[in-house]
Every structure is written in structure tokens, then in C-alpha cells.
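Geometric and topological summary
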Amino acid sequence: MFDKLPVPGRNDPCWCGSGKKYKKCHAAADEKMEEFVLKGEEVLPRSLLKTKKDIEGIKASAAINIGVLDYVGNHIRAGVSTMNINEWVESYLSDHGAVSADLNFEGYPYSVCTSINDVVCHGFPNKKDVLKDGDIINVDMSTIKDGYFSDSSRMFCIGNVSDERKRLVEVTHDAVQAGLTAVKPWGHLGDVGDAVHQVALDAGFTVVRDYGGHGIGKEFHEDPFVSFVAKPHTGPILVPGMCFTIEPMVNAGKPDIKIERSNGWIVRTKDGSDSAQWEVQLVVTKDGYELLSW
Ligand code: MF3
Ligand code: CO
């Protein structure tokens, strides 16, 4: 096939390991993928498609990832430092037999990313960063459990937050929801990115171009790269079994970012405006999507 991997005989076991005959399992989808390739569309290799067993593994990982974020949501308040959040994360993960996917990833030195106000992403937990009334913070959590990866992030509003900050947080959440609604099997990934982008633009905000979502499952970051400034009808074809994140970073001001030079990680808006992000992880299904982590 287009991905150079073998095609089983129709009565042979499917390549996905389901134990079903190929003709009753992936045969029809494989044919469809081949047709899209012939039409000149971009189709990712079948090796990225998740099997039933993979999805079970990812869900077990995600249950912990969701649990950590629920724990954070129940305890976060003014007076808590972002290092406290890192400690909560580490003890929750070790209690649940899991590890952080962030820790040591390309040298990242903490177990979670905590990004306050103008920090766009990859904020370092720090005992000196104590949350105060009016802050908005993104807590981005990624878990490895039995070799399976999960990844999601949430915004938290600390105490009395200004209407403009609240609106940024809510619009970013709406943008993710619009992206999810645009996930259609055999549609284009660019439709998802564009749906996200339009919600942010309509609200007068901008979307960071330098970072995006990603495939995920057996690795932390797999193909495809998911841009949230994509054009409709562009990019790879969405195929049932594809697993990826929707995680736009929405800025109140200009979309430009700068990376803190002393550590090479912490990303801020260039103009000092606020930034928000929510992240969900999903799998494409026969009729839409299933949320795996949020
Ligand atoms: N959790 C981020 C994502 O959504 C990745 C963070 S990488 C780290 O893809 F190294 F900074 F943790
Ligand atoms: Co992610």
C-alpha cells in the first residue's frame, strides 16, 4: 500500500492485531486511504492508527492524567505556588504507578508545565511563583502509564479575574470545542485548525503559530503536527484510529512569542498580553471523535 506496509489477504488476520479477518476489519478503510492517496491527498501511514488495545492503554493513562488535573482543580487557589502544583503532580503520579511524560522530555526539568498570565506555555514550576487573586494559569499535564501517553491541559481562574481575562479563557475553551466539532472521519485536519482559529479571530484574539497539537499514543509527540492557523481542506486526511491533541494557545494581543533565553523553555507573549490554552486528546472514530483526555 501507499505506506509500503504489507496488505493481508482478505481472509487473513488484520494487520492491526484485532484477531478479526482483514475483510471484516481494516480492509474498507485501507481501500479508502488508497483512494485518497490516488487523488493526491496527504494520508499518514497506518502505523499511526491506534488499535482497540492501544486505545484501552491510552484510556488507562488518561484516567490518571484527568485525575491529576481534577486534583489540581480542587486544590488550586491564591497562595499556592506553582512548585506546590509540581509536588501534587509527582505524588499523585507515584501513587497511581505512572510517570510524567514532561520530566526529562528533551531536557524539560519538571513534571508539569504551569503557565501564568502572559506565559504562553512551558512555564516552569517555581516556589517563588505564588498564585494571586486575578491570575489565570494553564496547568499542562502529560502521563505515561504502561508505555501509553496521555496529554491534556486546563485553565484555572484564581479568585476575582477581570472580565477580559475570563473572556480569553472562555473563548479559548469554545475554540477547542469548535475544533472537536470539526473532527470528521475522511475530512481534513486543516478543517479542525481553521475552526479553532475562526473562533479566536471572531473574538478579536490571535492564535500562536509556532506551536500546535500533535499525534500521541505510543510516543509523546507523533505525527501529525496540528496547526491552529491551518486552512480548511488542507493537511492530512482524518482516519478512524488517529489520535491527536487540540491545544491552541490564544493571545489577547499579537500572536508573536519569545522564549526565555536563560532556560530555552519558558514561552511568553512578545507584547506582554495574556495568553490562554486548553488541551484535549481524542481519537477519530467512524462517526466523529471520542475524547480520551481533557
Ligand atoms: N504538554 C505539552 C504538550 O501539550 C508538551 C510539554 S513538553 C515539556 O504537548 F517538556 F515542556 F513538558
Ligand atoms: Co500536547
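Everything below is about the structure shown above.
Residues numbered from 1 in each chain as written. Chains lettered and ligands numbered in written order. Predicted model: local features only at pLDDT ≥ 70, side-chain atom pairs only at ≥ 80, totals over all residues. Heavy atoms only, no water.

**Focus: the side chain of threonine 143**
Note on placement: threonine 143 falls in strand β4 (residues 136-145). Given a relative accessible area of 0%, threonine 143 falls into the buried group. There is a polar contact of 2.7 Å between the side chain of threonine 143 and the side chain of asparagine 65. Once you skip the residues sitting within four places of it in the chain, threonine 143 turns out to touch Ser61, Ile64, Asn65, Leu93, Ala98, Val99, Ala101, Tyr148, Phe149 and Ser150. (Helix = DSSP H or I, 4+ residues; strand = E, 2+ residues; numbered from the N terminus. Buried < 20%, exposed > 50% of the residue type's maximum accessible area, 1.4 Å probe, protein only. Polar contact = N/O pair within 3.5 Å; in protein donor to acceptor, adjacent residues only side chain to side chain. Contact = heavy atoms within 4.5 Å.)

**Overview of the state of the cysteines**
Scanning the entire structure with this criterion turns up zero disulfides. Counting only cysteine sulfurs, cysteine 25 is the nearest neighbor of cysteine 14, a cysteine outside any disulfide, at a range of 3.6 Å. (Disulfide = S-S within 2.5 Å.)

**Considerations on the pairing of strand β5 (residues 148-157)**
Counting buried positions along β5 yields nine of 10 residues, so the element is predominantly enclosed. Remark: two residues form the turn of the hairpin made by β4 and β5, two consecutive strands paired antiparallel; aspartate 146 in that turn has positive phi of roughly 50 degrees. (Pairing = 2+ DSSP bridges.)

**Considering the side chain of serine 150**
Tracing the backbone shows serine 150 in strand β5. With relative accessibility at 0%, the residue serine 150 sits in the buried group. Only 2.8 Å separates the side chain of serine 150 from the side chain of serine 61, close enough to count as a polar contact. Residues contacting serine 150, with those up to four places away along its chain left out, are Ile58, Ser61, Ala62, Asn65, Met141, Ser142, Thr143, Ile216, Gln281 and Ser293.

**Here's the deal with the sheet that holds strand β11 (residues 257-259)**
Pairing is antiparallel in the open sheet, where three strands are placed in the order β3-β12-β11. Only two strands of the sheet have a single neighbouring strand rather than two, namely β3 (119-121) and β11. For this sheet the average axis-to-axis angle between neighbouring strands, irrespective of direction, equals 40 degrees. Where β11 and strand β12 (residues 267-269) come together, three bridges link them in antiparallel fashion. Looking at the pairing, lysine 258 lines up with arginine 268 of β12. (Axes fitted to C-alpha atoms, helices over the stretch in contact; angles between N-to-C directions.)

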